Amino acid sequence: MLRTLIFSIALLITITSVSQIKLSGTILDASTNKPIDFANVALLQQDSVFIAGIETDEKGKFNFNNIAKGNYILSTSFMGYDKSQIKINNLEKDLDVGDIALLSSDISLNDVTITANSIIRKPDRQLILPTQAQIEAANNGVTLLRNLQLSRIIINPMDNKITTSGGESVQLRINGVEVSQAEITAINPKDIIRIEYHDDPGMRYNNAAAVLDYIVRQRESGGNINTNLANAISEMGWGENYFSAKYNHKKSEFSTNVYWSHRKLEWTRENHETFVFPDRTLQRIEQGEPTDVKFGQLNASLNYNLQEADKYLFNVRLRNNYNYIPNDFSDRSSRLIQDNSTLSIYDHSSTYSNSPSLDIYYQRNLKNEQLLIFNVVGTYINSRNSRTYQESRENLTTTDIYSRIKGDKYSLIGEGIYEKSLSNGKISAGMKHTQTYTENLYMGDVKTIVGMNTAETYAYLEYQLKKGKFNYMFGIGGMRTYNSQGGESNEKYIFRPTLRITYNINENLFIRYNGYISGYAPSLSDLNNVEQAIDSLQIRRGNPGLKTVTFYSNSLTASWNKGIFGAELHANYNYDNKPIMESVTLENGRFIKTSENQKSFH
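Everything quoted here is computed from the prediction, not taken from an experiment. Think of each chain on its own: its residues are numbered from 1, step by step along the sequence as written. In view of the model being predicted, local features appear only for residues whose pLDDT reaches at least 70, and side-chain atom pairs are presented and counted only at 80 or more, with totals across whole chains, interfaces and linings using the full set of residues. Remark: hydrogens and water are excluded; side-chain values derive from all non-hydrogen atoms of the structure.

Student: Go over the overall build of the chain, please, and point to the residues and values.
Tutor: A tally of regular secondary structure across the chain gives five helices and 39 strands. The proportion of buried residues among the 602 residues of the chain is 43%. Note that accessible areas follow from Shrake-Rupley with a 1.4 Å probe, and for residues the cover is restricted to the protein chains shown. Of the roughly 30,900 Å² that the chain leaves accessible, carbon and sulfur atoms contribute 53%. Averaged over its 63 positive side-chain charges, the chain has a centre that lies 6 Å from the centre of its 64 negative ones. Only runs of H or I of at least four residues qualify as helices and only runs of E of at least two qualify as strands under DSSP, and these elements are numbered from the N terminus. Remark: exposure states derive from per-residue accessible area (1.4 Å probe, protein chains only) relative to the maximum for the residue type, with buried under 20%, exposed over 50%, and partly exposed in between. We count Lys and Arg on the positive side and Asp and Glu on the negative side, and we leave His and both chain ends out. Charge coordinates come from a single atom per side chain, which is NZ of Lys, CZ of Arg, CG of Asp or CD of Glu.

Here you go:
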């Protein structure tokens, strides 16, 4: 009995000592010396029998625990890099293999072939690794996004605008820096490491509908030039043209992007309107004739990026966006039938705008897993638009409306963010202020000048916690909106709490609830005190008395992914308190359309 007890204790001591061997290291990009997060690390026996597999963390580190003594092969792989295999002989004690540098593969995914979307789920985002076929079938960052078919992300084929399925705008970023759609279009798909999809962004992103962050590799030397010209040779005008050039030198990267897209279409309009007067009802049936629609944009940017892994990132972007719409979607040439008589309608609008901007972004990594971000953006928008509307009967003009608007808008945005990673979560805080001044000169039938000051300030404190199968996010914030025009001003403060709870049932299935309170200010076009005729029966009138709206959002998401299959159920309930919506009244025989704060909207 005593001999058995002694043997058992000795065996337990032996097993304990063996189980305490640890194997660790760091995976780096050989060309940039930056850590590669979420790389695949596998531990094999030297006869290739699989022992264990893990992913590197956000600093490229990995750690195998409870390894038995023996001989092993450490295999490392990541999309777009050559596979690395290291033999480890006679492992008897804790071993840190140090830095393992992976070389970029000349042919993307040459060694690591992903046949289905690889999705790595994190508490606050999804990491999307495109397949080889999706990369080869794309010629820029937007077409790659279209190939990925991400849940609730919609790309308009007319103008490539990226929105959610509910029509909300999507915030776009490259390596964490907010960019324009034109800069996403200029990305070479082979340079994309992954796309981070924030399908339920937190308070740092001001509760945006969605955020897409393209993580792109940066090299230490060399450069490239990339261009793609696609134009339709037909009466229908269509074009997607872009040019990009990049040069890298040590920690610096210089790049330029030019994007030109244009459309020329033809459409006809049919419309049926009913105007209800106190004493009669008027029916107007519009039969459209073929009408041109023509628009385009020319966007260019110069970019300088200075970066040292795990230390700092400094980015300066000088942009200029030129948009032209010589023939708007509202254009029409029509026959209008009313009261057994026929009118001819001509309606033509054109808009041109030029917008230079300077964007300065600085990110500093501090000790103890801390991060500071500062961002300043200055923008000037110069816009011109005009409209001509005519109604005629038997070649005699009965209604003639003409308007021109010259607009100048100046805005300055400043933002500061602090983050600290904890052992089981993260704490962050930030503040953002936007100051805008707009001056519109109205000419034509209405002659006036409107000057307007608007401001919005937003601050928040957020705490994220991971505990077991649950991820929690608690946040408190507040916002202030202000506008003044012609001696009148409005100011409002809104309390903005946020709660997000995610339950990870298993590695393939999760359920998430997100609820928050927020607000939105009225648009500048609604706030003006100008009155303009729409046609012979209708007038558009601005409303300087509009108030900022408070809204409440609740959403529930269930998502399942396994292999090539995926499914998502998304339910949402919103409540707007005193929303800004259209109101129509009758004055002196004409219908007045304006915006007012209504009671509520669900």
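Student: Describe a nonpolar patch on the surface, and please don't skip the residues or the numbers.
Tutor: Each patch is built from salt-bridge-free residues with over 30% relative accessible area, joining like charges within 9 Å and nonpolar side chains (Val, Leu, Ile, Met, Phe, Trp, Tyr) within 5 Å. We define a salt bridge as a contact between a side-chain nitrogen of Lys or Arg and a carboxyl oxygen of Asp or Glu at a distance within 4 Å. A contiguous nonpolar patch, built from I225, F243, V258, W260, L298, Y322 and Y352 and spanning about 610 Å² of accessible area, is present on the exposed surface. Tracing the backbone through its elements, the reader meets F243 in strand 17 (residues 237–249).

Student: Lay out the pairing of strand 17 with the relevant residues and their values.
Tutor: Walk down a regular strand and you will see the side chains alternate between the two sheet faces. Across 11 bridges, the pairing between strand 16 (residues 221–231) and strand 17 is antiparallel. Bridge pairing in strand 17 places N226 opposite S244. Connecting strand 16 to the antiparallel partner strand 17 that follows it, the hairpin turn spans five residues. Pairing geometry for strand 17 and strand 18 (residues 252–267), over 13 bridges, is antiparallel. What sits directly across from S244, in strand 18, is N257. Connecting the antiparallel pair strand 17 and strand 18 is a turn made up of two residues, with K250 showing a positive phi of about 55 degrees. Two strands pair under a simple rule: DSSP has to find at least two bridges between them.

Student: Residue-level account of the sheet that holds strand 1 (residues 21–29), with values.
Tutor: With respect to topology, three strands assemble into an open sheet ordered 4-1-7, the strand pairing being mixed. Strands with a single pairing partner mark the edges of an open sheet, and in this sheet they are strand 4 (61–67) and strand 7 (95–102). Averaged over all pairs of adjacent strands, the angle between their axes in this sheet comes to 20 degrees, without regard to strand direction. Pairing analysis gives five bridges linking strand 1 to strand 4, with the strands arranged antiparallel. Every axis in this analysis is a line fitted to C-alpha atoms, fitted for helices over the stretch in contact. Angles between the N-to-C directions lie between 0 and 180 degrees.

Student: How would you summarise helix 3 (residues 141–148) if you had to cite specific residues and measurements?
Tutor: Since the α-helix turns once every 3.6 residues, residues separated by three or four places project in the same direction. Burial runs high along helix 3: six of the eight residues are buried. Within helix 3 the residues assigned to the buried category are G141, V142, T143, L144, L145 and L148. Polar contact is the term for a pair of N or O atoms within 3.5 Å; when the atoms are in protein, one must be able to donate a hydrogen and the other to accept it, and sequence-neighboring residues count only if both atoms are side-chain atoms. N-cap assignment for helix 3: the residue whose side-chain oxygen lies 2.8 Å from the backbone N of V142 is N140. Two residues or fewer after helix 3 comes Q149, characterised by a positive phi angle close to 55 degrees.

Student: If you had to explain the pairing of strand 25 (residues 370–393) to someone new, which residues and values would you point to?
Tutor: The pairing of strand 24 (residues 341–366) with strand 25 spans 21 bridges and is antiparallel. The residue bridging Y361 from the neighbouring strand is N375, located in strand 25. A loop of three residues connects strand 24 with strand 25, the two strands running antiparallel in sequence, and N368 in this loop sits at a positive phi of about 60 degrees. Relative to strand 26 (residues 396–422), strand 25 is paired through 24 bridges, and the arrangement is antiparallel. Counted as the bridge partner of Y389 is I401 from strand 26. Where strand 25 folds back onto strand 26 in an antiparallel hairpin, the turn is made up of two residues, including E394, whose phi is positive at roughly 55 degrees.

Student: Describe unusual backbone geometry, and please don't skip the residues or the numbers.
Tutor: Of note, the phi angle at E394 is positive, near 55 degrees, even though the residue is not glycine. As for its placement among the helices and strands, E394 is situated in the loop between strand 25 and strand 26. Residue classification places E394 among the exposed residues on the basis of a relative accessible area of 76%. In the Ramachandran plot, N395 falls in the positive-phi region, its phi being about 65 degrees despite a non-glycine side chain. Examined against the element boundaries, N395 turns out to sit in the loop between strand 25 and strand 26.

Student: With reference to specific residues and values, describe the pattern of salt bridges.
Tutor: All told, the structure shown has 27 salt bridges when counted by the stated rule. For E183, the salt bridge identified is with R317, shortest N-O distance 2.7 Å. Highlighted residues: E183 in helix 4 (residues 181–185) and R317 in strand 22 (residues 312–327), separated in sequence by 134 residues. With respect to class, E183 is no different from R317; both count as buried. Among the charged side chains, a salt-bridge network with shared partners connects R269, E286, R332, D347 and R387.

Student: Which residues make up the packing of aromatic side chains, and what values go with them?
Tutor: Note on aromatic pairs: the rings of Phe, Tyr and Trp (six-membered ring only in Trp) are paired at centre separations within 6.5 Å, and the planes decide the class, stacked below 30 degrees, edge-to-face beyond 60, tilted for the rest. All chains considered together, the criterion is met by 15 aromatic pairs. A network of ring pairs unites the aromatic residues F470, Y472, F474 and Y503 as a single cluster. Working rule: Lys NZ or Arg CZ, within 6 Å of ring centre, within 35 degrees of ring normal, means a charge sits over the ring. Over the aromatic face of F277 sits the side chain of R280, whose NZ or CZ is 4.4 Å from the ring centroid.

Student: Tell me what's going on with the environment of Y389, and back it up with residues and numbers.
Tutor: Along the chain, Y389 turns up in strand 25. For the pair Y389 and E253, spaced 136 residues apart in the sequence, the C-alpha separation amounts to 51 Å. If near-sequence neighbours (up to four positions away) are discounted, Y389 is found in contact with R332, I345, Y346, D347, T399, D400, I401, I534, D535 and S536. Here the side chain of Y389 touches E391 through a polar contact of 2.5 Å, side chain to side chain. Note on definitions: a residue-residue contact is assigned when non-hydrogen atoms from the two residues lie within 4.5 Å.

Student: Which residues make up the confidence of the model for the chain, and what are the values?
Tutor: Per-residue confidence from the predictor is reported as pLDDT, which spans 0 to 100. Taken residue by residue, the chain gives an average pLDDT of 87. The fraction at 70 or more is 93%. Ignoring residues within four places in sequence, the model shows residues 11–18, a span with pLDDT below 50, making three contacts including any to other chains. Low pLDDT, under 50, characterises residues 106–117; the stretch is placed with 32 contacts to residues that sit more than four places away or in other chains.

Student: Could you give an account of the sheet that holds strand 38 (residues 590–597), with specific residues and numbers?
Tutor: Pairing within the open sheet is mixed, and its four strands lie in the order 33-34-38-37. Two strands close off the open sheet at either side, each with one partner strand: strand 33 (531–533) and strand 37 (580–587). On average, each strand axis in the sheet is inclined to that of its neighbour by 30 degrees, with strand direction left out of account. Here strand 33 pairs with strand 34 (residues 538–541) via three bridges, running antiparallel. Within the sheet, the bridge partner assigned to Q532 lies in strand 34 and is R540.

Student: Could you give me a rundown of the environment of T434, with the residues and numbers involved?
Tutor: Structurally, the position occupied by T434 is in strand 27 (residues 425–444). Measuring from C-alpha to C-alpha, the distance between T434 and N321 comes to 20 Å, with 113 residues separating the pair along the chain. Residues contacting T434, with those up to four places away along its chain left out, are L412, I413, T454, A455 and E456.

Student: Which residues make up the environment of G430, and what values do they have?
Tutor: Considering the arrangement of structural elements, one finds G430 in strand 27. Judged by its relative accessible area of 12%, G430 falls in the buried class. Separated by 58 residues in the primary sequence, G430 and L372 have C-alpha atoms spaced 9.6 Å apart. Those residues in contact with G430 that sit more than four places away from it in its chain are G416, I417, Y458, A459 and Y460.

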